[in-house]
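# Fold and contact review
For reference, the chains in residue letters:
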Amino acid sequence: MWCGRTRALLRMSGLWPIGVLGRRPLNCSAASLAGSNSPRCWNCGGLGGPLRGDRFFCPQCRALQPPDPTRDYFSLMDCNRSFRVDTAKLQHRYQQLQRLIHPDFFSQRSQTEKDLSEKHSTLVNDAYETLLAPLSRGLYLVS
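First, a word on scope: everything that follows refers to the structure included in this document. (Residues numbered from 1 in each chain as written. Predicted model: local features only at pLDDT ≥ 70, side-chain atom pairs only at ≥ 80, totals over all residues. Heavy atoms only, no water.)

Of the regular secondary structure elements, the protein holds six helices and zero strands. Moving toward the C terminus, one meets the helices and strands of the protein in the order α-α-α-α-α-α. Counting all 143 residues of the protein, 28% fall into the buried class. Intrachain contacts of the protein at a sequence separation of at least 6 include 41% that bridge at least 24 residues. Working note: accessible area of the protein is about 9200 Å², and carbon and sulfur atoms make up 56% of it. (Helix = DSSP H or I, 4+ residues; strand = E, 2+ residues; numbered from the N terminus. Buried < 20%, exposed > 50% of the residue type's maximum accessible area, 1.4 Å probe, protein only. Contact = heavy atoms within 4.5 Å. Areas by Shrake-Rupley, 256 points an atom, 1.4 Å probe, with all protein chains shown as cover.)

See below:
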């Protein structure tokens, strides 16, 4: 009830950003969820933002999300956590990820997405190089 009135007052006073793509002010339901532990998109504030599962992009606005700091190289590259790694599968996954998040594909996007793309690309490069070489893979496993 109050959400509609508040929204109407903000719209009439010019404080509600009409027509701004990818930006939504908090409404009553979103404000009540703001304290929850569910991941949120940095761009639109939508639920399910940062990397739940294998999502690199927000499902609502398709903005690239920050890398998950808790994700290890094996899960990023979709490999079993063992010393034996299928290098052909590793290379295929590397190319697949780079087609998604390489900075060249974000040249027309916002500066935030360009920066996030560089972080993702660096993380994928480090993971690929670490898991490709047996010595670095073994050291990564024991660390």
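So, about the nonpolar core. Ranked by size, the top nonpolar core spans 19 residues in total, and within it Phe56, Leu64, Leu76, Met77, Leu90 and Leu131 carry the most contacts. For Leu76, the residues in contact, after removing those within four places along its chain, are Phe56, Arg71, Arg93, Leu97, Leu123, Val124 and Ala127. (Core = buried A, V, L, I, M, F, W, Y, C linked by side-chain atoms within 4.5 Å.)

The subject of this paragraph is helix α6 (residues 134-142). Considered for burial, the residues of α6 that qualify are Arg137, Gly138 and Tyr140. Down the axis of α6, the sector holding all buried residues measures 160 degrees, keeping them to one side. Residues of α6 that are exposed and angled more than 90 degrees away from the buried face: Leu135, Leu139 and Val142. Next to the buried residues of α6 lie α3 (73-76) and α5 (111-132). (Arc of directions from axis to C-beta.)

To continue, consider the environment of Pro103. Looking at the secondary structure, you find Pro103 in the loop between α4 (87-101) and α5. C-alpha of Pro103 to C-alpha of Glu113: the two residues are 10 residues apart in sequence and 8.8 Å apart in space. Ignoring sequence-local partners within four residues, the contact set of Pro103 consists of Ser117, Glu118 and Ser121.

On to the packing of aromatic side chains. Scanning all chains against the criterion turns up four aromatic pairs. When the ring of Phe57 is compared with that of Phe106, the centres are 6.4 Å apart and the planes differ by 10 degrees; the resulting orientation is stacked. On the criterion of sequence distance, the pair formed by Phe57 in the loop between α2 (28-33) and α3 and Phe106 in the loop between α4 and α5 is long-range, its members being 49 residues apart. Taking relative accessible area as the criterion, Phe57 reaches 11% and is therefore assigned buried. Phe106 sits in the buried class, given a relative accessible area of 2%. An aromatic cluster is defined as three or more aromatic residues linked by ring pairs; in this entry it consists of Tyr73, Phe74 and Tyr140. (Phe/Tyr/Trp six-rings, centres within 6.5 Å; stacked < 30°, edge-to-face > 60°.)

Between α4 and α5, the shortest axis-to-axis distance is 10 Å and the interhelical angle comes to 170 degrees. Relative to α5, the element α4 is oriented roughly antiparallel. Counting all contacts with α4, which are made through Thr87, Leu90, Gln91, Tyr94, Leu97, Gln98 and Ile101, the residues of α5 involved are Ser117, His120, Ser121, Val124, Asn125, Tyr128, Leu131 and Leu132. Looking at the contact of α4 with α5, its residues break down into eight nonpolar, seven polar and no charged. (Axes fitted to C-alpha atoms, helices over the stretch in contact; angles between N-to-C directions. Parallel < 35°, antiparallel > 145°, perpendicular 65-115°, else oblique. Nonpolar A, V, L, I, M, F, W, Y, C, P; charged D, E, K, R; others polar.)

This part takes up unusual backbone geometry. The phi dihedral of Arg62 falls on the positive side, at around 65 degrees, and the residue is not glycine. For Arg62, the location among the structural elements is in the loop between α2 and α3. At Asp78, a position not held by glycine, the phi torsion is positive, near 55 degrees. Inspection of the secondary structure assignment puts Asp78 in the loop between α3 and α4.

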